Number of protein chains: 2
Amino acid sequence: METLMQIIKGRRSIRRFKPDPIPEEDLREVLEAAIWAPSAGNTQEWKFFVVRDPGLKRRLASAAMEQQFLAEAPVVIVVCADLERIRRAYGERGTQVYALQDTAAAAQNILLVAHAKGLGTCWVGAFSEVQVRDALGLGQMMRPLALIPLGYPAQTPSPRPRRPLEEVVEYR
Amino acid sequence: METLMQIIKGRRSIRRFKPDPIPEEDLREVLEAAIWAPSAGNTQEWKFFVVRDPGLKRRLASAAMEQQFLAEAPVVIVVCADLERIRRAYGERGTQVYALQDTAAAAQNILLVAHAKGLGTCWVGAFSEVQVRDALGLGQMMRPLALIPLGYPAQTPSPRPRRPLEEVVEYR
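Small disclaimer: the values here were computed from a predicted structure and weren't measured.

A. Representation of the overall build of chain A in the model. Regarding its fold elements, chain A presents seven helices and five strands. In chain A, the succession of α and β elements from N to C terminus is α-α-β-α-α-β-α-β-α-β-α-β. Here the C-alpha atoms of chain A give a radius of gyration of 16 Å, agreeing with the 16 Å that 2.2 N^0.38 yields for 172 residues. With the C-alpha coordinates of chain A rotated into their principal frame, the extents come out at 50 × 45 × 30 Å. Per-residue burial over chain A gives 48% buried out of 172 residues. When contacts within chain A are restricted to residue pairs at least 6 apart in sequence, long-range pairs at least 24 apart make up 78% of them.

Okay, structure coming up:
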């Protein structure tokens, strides 16, 4: 079994997928990991759309500047924030900050558990929110914030370089 | 050794800390986990201020609506986004979305690795950004986005309830 650090450092962005389906049990555990992320005041303003329909996956790929690997993965998880729910609890700081942070923490859990199970993911943030909303039929207060294709990797990318700790950490 | 799922589900928000110092090796590994988070186009626009000075910790606690447990922890990590760095790469979507997501993914890694090492944390998002900037002497383009106290837990909170998967997941 890999240690947490090995999982964190071994995760890569995967952009080529095998067509093999994902076991239901694994998909469920990935989603379970997501909901155990922390959220502001435990508001849990997240919503996860699990997209398997081929036509819908193609629309998501188009909405994401034609990144076709989204359509290639057997599953795409669309991570959304329920802005109405977080606005009621925290007003503008909720919709502008916590909504993004809480769903990002959930997304990171998804990436890590998927990788631990031998599944590949890629955190896609570059997309038209309007087009994703249209594709999924979401209202104005359901904000799509990340598209995460999920499937068995058909590539093994090298690690991307990291800025050294000395450059990004300051002691006070 | 705990599994990743046990770590994810076992993590709690800790608001009471023992005064015991954190081993340098553990602190370094927590920061190392942070920089292995994904970021938009690998921009790595994060900056981590590791605060140990008692006076400075008290100022952070004041900035965070007098949440005094921040001053009680031996270390507070202030997670910031370098808005200039991400703006150059991605413009407004970078500063409004990716900056928050990338630092949140890094923060989640911090929480998980800390917990795996027996350290407690709490993701504090409710604070005056102006006051935190003043305390640390940060410019306008260095945005503080999370305060994370880090130390050995002096409490063992029960898990907070989670909305069931059926409520937050939709299949398409």
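Having seen the model, we can carry on.
B. Expanded view of the relation of the copies chain A and chain B. In screw terms, the move from chain A to chain B is a rotation of 180° and a rise of 0.0 Å along the axis, fitting with an RMSD of 0.0 Å. Expressed as a symmetry operation, the mapping of one chain copy onto the other fits a two-fold axis. Of the residues that chain A buries at the interface, 100% are likewise interface residues in chain B, meaning the two copies contact each other through the same surface.

C. Just the nonpolar core, in detail. Of all hydrophobic cores here, the largest spans 121 residues; its most connected members are Val-79, Ile-110 and Ile-148 of chain A together with Val-79, Ile-110 and Ile-148 of chain B. Every residue in contact with Ile-148 of chain A, bar those within four places of it in the chain, is listed here: Val-76, Ile-77, Val-79, Ala-107, Ile-110, Thr-121, Trp-123 and Val-124 of chain A.

D. View of the environment of Asp-102 of chain A. Residue and element names in this part refer to chain A. Turning to its location among the elements, Asp-102 is positioned in helix H5 (residues 83-116). For the pair formed by Asp-102 and Pro-153, sequence separation is 51 residues and the distance between their alpha carbons is 27 Å. Once residues within four sequence positions are removed from consideration, Asp-102 is found in contact with Ala-37, Ser-39, Ala-40, Glu-45 and Trp-46.

E. Inspection of the pairing of strand E2 (residues 75-82) of chain B at higher detail. Residues and elements named next belong to chain B. Counted residue by residue, E2 has eight buried out of eight residues, so it is predominantly covered. Covered by surrounding structure in E2 are Val-75, Ile-77, Val-79 and Ala-81 together with Val-76, Val-78, Cys-80 and Asp-82, the residues of both alternating faces. Bridge count for strand E1 (residues 46-51) against E2 is six bridges, and the pairing is antiparallel. Across the sheet, Phe-49 pairs through a bridge with Val-78, a residue of E2. Two elements, E2 and strand E4 (residues 142-151), share eight bridges in a ladder whose sense is antiparallel. Opposite Val-78, over in E4, you have Leu-147 as the bridge partner.

F. Structural view of the sheet that holds strand E5 (residues 169-171) of chain A. Taken together, five strands build an open sheet; the order of strands is E5(A)-E1(B)-E2(B)-E4(B)-E3(B) and the sheet is mixed. Either end of the sheet is taken by a strand with one partner, and the two such strands are E5 of chain A together with strand E3 (120-121) of chain B. Two strands pair when backbone bridges link them, and E3 of chain B and E4 of chain B are joined in this way by two bridges, in the antiparallel orientation. Opposite Thr-121 of chain B, over in E4 of chain B, you have Leu-150 of chain B as the bridge partner. Along the sheet, helix H5 (residues 83-116) of chain B contacts E1, E2, E3 and E4 of chain B; its crossing angle with E2 of chain B, the most-contacted strand, is approximately 155°.

G. How the structure looks around the sheet that holds strand E1 (residues 46-51) of chain A. Taken together, the five strands give an open sheet; going across it, the order is E3(A)-E4(A)-E2(A)-E1(A)-E5(B), and neighbouring strands pair in mixed fashion. Edge positions in the open sheet fall to strand E3 (120-121) of chain A together with strand E5 (169-171) of chain B, since each of these has one partner strand only. Where helix H2 (residues 24-35) of chain A meets the sheet, it contacts E1, strand E2 (75-82) and strand E4 (142-151) of chain A together with E5 of chain B, and its direction lies at approximately 160° from that of E1 of chain A. Strands in contact with helix H6 (residues 129-136) of chain A are E1, E2 and E4 of chain A; relative to E4 of chain A, the strand with the most contacts, it is inclined by about 80°.

H. The interface of chain A and chain B, seen in detail. Each side of the interface is counted separately: chain A has 51 residues, and chain B has 51 residues. Looking at the side of chain A that touches chain B, the elements that each hand over two or more residues are helix H1 (4-10), H2, E1, H5, helix H7 (165-168) and E5 of chain A. Per element, the largest residue contribution to the side of chain A that touches chain B is twelve residues, and it comes from H5 of chain A. Among the residues making up the side of chain A that touches chain B, the classes are represented as 33 nonpolar, eight polar and ten charged. In this structure, E5 of chain A lies alongside E1 of chain B, joined through three bridges in parallel fashion. Opposite Tyr-171 of chain A, over in E1 of chain B, you have Val-50 of chain B as the bridge partner.

I. Examining unusual backbone geometry more closely. Non-glycine residue Met-65 of chain A carries a positive phi angle of around 50°. Mapped onto the fold, Met-65 of chain A is located in the loop between helix H3 (54-63) and helix H4 (69-72). Looking at Met-65 of chain A, the number of C-beta atoms within 10 Å reads 10, which means it is exposed. The residue Gln-44 of chain B is not glycine, and still its phi comes out positive at about 50°. When you line up the elements, Gln-44 of chain B lands in the loop between helix H2 (24-35) and E1.

Conventions and cut-offs
Residues numbered from 1 in each chain as written. Chains lettered and ligands numbered in written order. Predicted model: local features only at pLDDT ≥ 70, side-chain atom pairs only at ≥ 80, totals over all residues. Helix = DSSP H or I, 4+ residues; strand = E, 2+ residues; numbered from the N terminus. Rg over C-alpha atoms; globule rule 2.2 N^0.38 Å. Buried ≥ 20, exposed ≤ 12 C-beta atoms within 10 Å, placed from the backbone. Contact = placed C-beta atoms within 7 Å. Least-squares fit on C-alpha atoms with pLDDT ≥ 70 in both. Core = buried A, V, L, I, M, F, W, Y, C linked by C-beta atoms within 7 Å. Pairing = 2+ DSSP bridges. Axes fitted to C-alpha atoms, helices over the stretch in contact; angles between N-to-C directions. Nonpolar A, V, L, I, M, F, W, Y, C, P; charged D, E, K, R; others polar.

Bear in mind that shape data such as this cannot, by itself, settle questions of function.
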